Amino acid sequence: MAKTKTLFFCRNCGHESPKWLGKCPGCGEWNTFAEETVVTGKSGKTTPLGLVQRMEVPTPVQEIESSNEKRLDTGMAELNRVLGGGLVPGSLVLIGGEPGIGKSTLMLQVSLNLEGKKILYVSGEESRQQIRMRADRIGIRNENCLIYTEVSTSAITQQVLAVQPDFVVVDSIQTLQSEQIEATAGSITQIRESAAELNRLAKSSQIPVVLIGHITKDGVIAGPKILEHMVDTVIQFEGDRHYGFRILRAIKNRFGPASELGIFEMLHNGLREVTNPSELLLSQRENPVSGASIAAMIEGLRPMMVETQALVGQAAYGTPQRSVTGYDLRRLNMLLAVLEKRSGLRMGSKDVFLNIAGGLRVDDPAIDLAVVAALVSSANDIPLPEKTAFAAEVGLSGEVRAVNRVDARISEAARLGFEEIYISRFNQRGPSKHENIRVVTVGDVNELIGKLFG
Ligand code: TYD
Ligand code: MG
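Since we're looking at a predicted model, the values are computed, not measured.

Topic: the pairing of strand E20 (residues 420–424)
Working step 1: Of all five residues in E20, five are buried, a share of seventy percent or more.
Working step 2: Direction of pairing for strand E17 (residues 388–391) relative to E20: parallel, over a ladder of four bridges. For alanine 391, the partnering residue across the bridge sits in E20 and is isoleucine 423.
Working step 3: By the bridge criterion, five bridges tie E20 to strand E21 (residues 438–442) in an arrangement that is parallel.

Brief notes about the site of ligand 1
Working step 1: The immediate surroundings of ligand 1 are formed by 15 residues, with Gly100, Ser104, Thr105, Leu267 and Gly270 found nearest.
Working step 2: For ligand 1, an oxygen atom lies 2.6 Å from a polar atom in the side chain of serine 104.
Working step 3: Within the complex, the protein chains bury 76% of what would otherwise be the 560 Å² of accessible surface of ligand 1.
Working step 4: Those elements that provide at least two residues to the shell around ligand 1 are helix H2 (103–113), helix H3 (128–138) and strand E11 (261–267).
Working step 5: With three residues, H2 is the largest single contributor of residues to the shell around ligand 1.
Working step 6: Per-class residue counts for the shell around ligand 1 are four nonpolar, seven polar and four charged.

Here's the deal with the environment of glycine 22
Working step 1: Topologically, glycine 22 is positioned in the loop between strand E2 (16–17) and strand E3 (33–40).
Working step 2: The class for glycine 22 is partly exposed, based on a relative accessible area of 23%.
Working step 3: As a C-alpha pair, glycine 22 and phenylalanine 33 span eleven residues in sequence and 7.3 Å in three-dimensional space.
Working step 4: Once you skip the residues sitting within four places of it in the chain, glycine 22 turns out to touch Glu29, Trp30 and Asn31.

Structural notes on the nonpolar core
Working step 1: Core analysis: the largest hydrophobic core is formed by 47 residues, its most contacted members being Ile367, Leu369, Leu375 and Phe390.
Working step 2: For this core, the leading source of residues is helix H9 (residues 368–380), giving eight residues.
Working step 3: Both domain 2 (73–275) and domain 3 (280–453) contribute no fewer than three residues apiece to this core.
Working step 4: Ignoring sequence-local partners within four residues, the contact set of leucine 375 consists of Ala310, Val312, Leu332, Leu336, Leu339, Met347 and Val352.

A few points about the pattern of salt bridges
Working step 1: The final tally for this structure, using the stated rule, is 21 salt bridges.
Working step 2: Its salt-bridge partner being glutamate 78, residue arginine 81 comes within 2.8 Å of it at the nearest N-O pair. Of the two residues, arginine 81 and glutamate 78 are both situated in helix H1 (residues 77–83); the distance of three residues between them amounts to about one turn of the helix.
Working step 3: Owing to a relative accessible area of 29%, arginine 81 belongs among the partly exposed residues under this scheme.

Quick look at helix H5 (residues 188–205)
Working step 1: Taking 1.5 Å per residue, 18 residues should reach 26 Å; H5 reaches 26 Å between its end C-alpha atoms and fits that length.
Working step 2: Of all 18 residues in H5, 13 are buried, a share of seventy percent or more.
Working step 3: Positive phi shows up at glutamine 206, right after H5, with a value of about 65 degrees.

A closer look at the sheet that holds E17
Sheet strands line up and pair through hydrogen bonds in the backbone, either parallel or antiparallel.
Working step 1: What the seven strands build is an open sheet, ordered E15-E16-E14-E13-E17-E20-E21; its pairing is mixed. On the outer flanks of this sheet lie strand E15 (322–325) and E21, each paired with one strand and no other. Across the sheet, the axes of successive neighbouring strands diverge by a mean angle of 25 degrees, strand direction being ignored.
Working step 2: As defined by bridge partners, strand E13 (residues 292–299) adjoins strand E14 (residues 302–314) across eight bridges and the pair is classed as antiparallel. From the neighbouring strand, glutamate 299 faces E14, where its bridge partner is arginine 302.
Working step 3: H9 rests against E13, E14, strand E16 (350–356), E17, E20 and E21 of the sheet, and its axis sits at about 30 degrees to E14.

Some details on the packing of helix H4 (residues 153–163) against H5
Working step 1: Where H4 meets H5, the closest approach of the two axes is 10 Å, and the angle between their N-to-C directions is 15 degrees. Taken together, the axis directions place H4 and H5 in an arrangement best described as roughly parallel. For the pair H4 and H5, the crossing hand works out as right-handed. Here Thr153, Ser154, Ile156, Thr157, Val160 and Leu161 of H4 lie close against H5, whose contacting residues are Ser194, Glu197, Leu198, Leu201 and Ser205.
Working step 2: Residue composition of the contact of H4 with H5, by class: five nonpolar, five polar and one charged.

Considering the domain arrangement of the protein chain
Working step 1: Domains assigned within the protein chain are domain 1 (3–40), domain 2 (73–275) and domain 3 (280–453).
Working step 2: Its C-alpha centre places domain 2 at a distance of 37 Å from the equivalent point of domain 3.
Working step 3: Contacts between the two partners involve 16 residues from domain 2 and, on the opposite side, twelve residues from domain 3.
Working step 4: Between domain 2 and domain 3, a total of about 1,200 Å² is buried, with carbon and sulfur atoms accounting for 53% of that surface.
Working step 5: The largest per-residue losses of area from domain 2 upon contact with domain 3 belong to Tyr243, Phe245 and Arg249, which jointly make up 36% of the total buried on that side.

Here is what the cut-offs are and how they apply
Residues numbered from 1 in each chain as written. Chains lettered and ligands numbered in written order. Predicted model: local features only at pLDDT ≥ 70, side-chain atom pairs only at ≥ 80, totals over all residues. Heavy atoms only, no water. Buried < 20%, exposed > 50% of the residue type's maximum accessible area, 1.4 Å probe, protein only. Helix = DSSP H or I, 4+ residues; strand = E, 2+ residues; numbered from the N terminus. Pairing = 2+ DSSP bridges. Near = heavy atom within 4 Å. Polar contact = N/O pair within 3.5 Å; in protein donor to acceptor, adjacent residues only side chain to side chain. Areas by Shrake-Rupley, 256 points an atom, 1.4 Å probe, with all protein chains shown as cover. Nonpolar A, V, L, I, M, F, W, Y, C, P; charged D, E, K, R; others polar. Contact = heavy atoms within 4.5 Å. Core = buried A, V, L, I, M, F, W, Y, C linked by side-chain atoms within 4.5 Å. Domains from an automatic or database assignment. Salt bridge = Lys/Arg side-chain N within 4 Å of Asp/Glu carboxyl O. Expected span 1.5 Å × (residues − 1). Axes fitted to C-alpha atoms, helices over the stretch in contact; angles between N-to-C directions. Parallel < 35°, antiparallel > 145°, perpendicular 65-115°, else oblique. Left-handed = near helix turned anticlockwise from the far one by under 90°. Buried area = accessible area lost by both parts, 1.4 Å probe.

Now the structure itself:
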């Protein structure tokens, strides 16, 4: 006999509790518990129709077949890179991102471009007509891209087994409805059950399944956080919707490096791969302006040059404004405090705006030195020397700290025609010689300011 009962689940991590809790014991977040009705008694472990459970026996590791060579090329180098070299057979991949960022576009484009492969594109979000219109926009090259609008997990499972596609796309996990449990689509229990069923399907059929999942800015509401534990690979699609750039970032990857990054540009006819990001992230202008500086960054494994723009002005009202795009506000406040305390710059009464060009969100601490240079340049209203780049972290006592892979940063700057790069005096450098770029080392922010504005 099936019984229904009420349980509470944390929307952030999926922690289960018989009663409502203010603070989640699982992840420590506040106010994340939501009530859900679940059915017990029915077995949640039924094998989906047509699946044969294979019996495993313990095997010496060297005798296990390595599946590395069998990865499926998605036809998109940037996506392959983030996946660690293509889709692994039987893997469950989650692509998360805010609504409207381009998740459906990306996966439909991959499906439409992969000539000679059979793809099952399942959508519970859009009608067939809507998908056709989008497909016309992107261009149809693969005649074996099957569109299937369905939300029932068992119906999808049956179709996957009948069609035997090279891979499956499910758009989105929040629309799925499993008959095994009686929770509404999009609820935590439903998302978990549906994902578990698709994971069993992927593993037993060896067909890769790509799940699309909506996620809000803080990552709470829609549930993909809970999924991160269940899937093999989590990829986040991000970017500012008002800019064309989209960044694909591996957050977790059982089959590759977890820091890889792919860059795309959203055009009217789909996404374009950006293979040389530096040239796009540098804004073109004729005359040097104050407050602009270039950082030599590493995102994933790739060096790229990114422009930072700062605007420092006298605050019009009592409380000065501080605003950032693409950079951490607390980190900006920290750097302003360092400049105030160690360099005697009066920043306390100033409005400060800081922008990373192209809508990129930057985590690499090596951008600090470029931020400091941009701030001082704007405060003094003196442009920085042209063709100059920066790559170092700045610490609380104003010290300029070493960053990783400094030689790769210097090479990228040299390759793009920069004539000078500022790095930390404490950076250990490899034996490689950089002949057409001058490397300037500094020990603290005052030394930097002295050398730049002397
Ligand atoms: P979409 O893939 O629907 O986003 P998601 O699935 O993540 O919610 O992308 C939606 C946005 O992309 C929408 O604002 C329209 C835009 N877009 C283009 O600019 N060019 C295109 O070729 C396509 C298909 C969409
Ligand atoms: Mg979509």
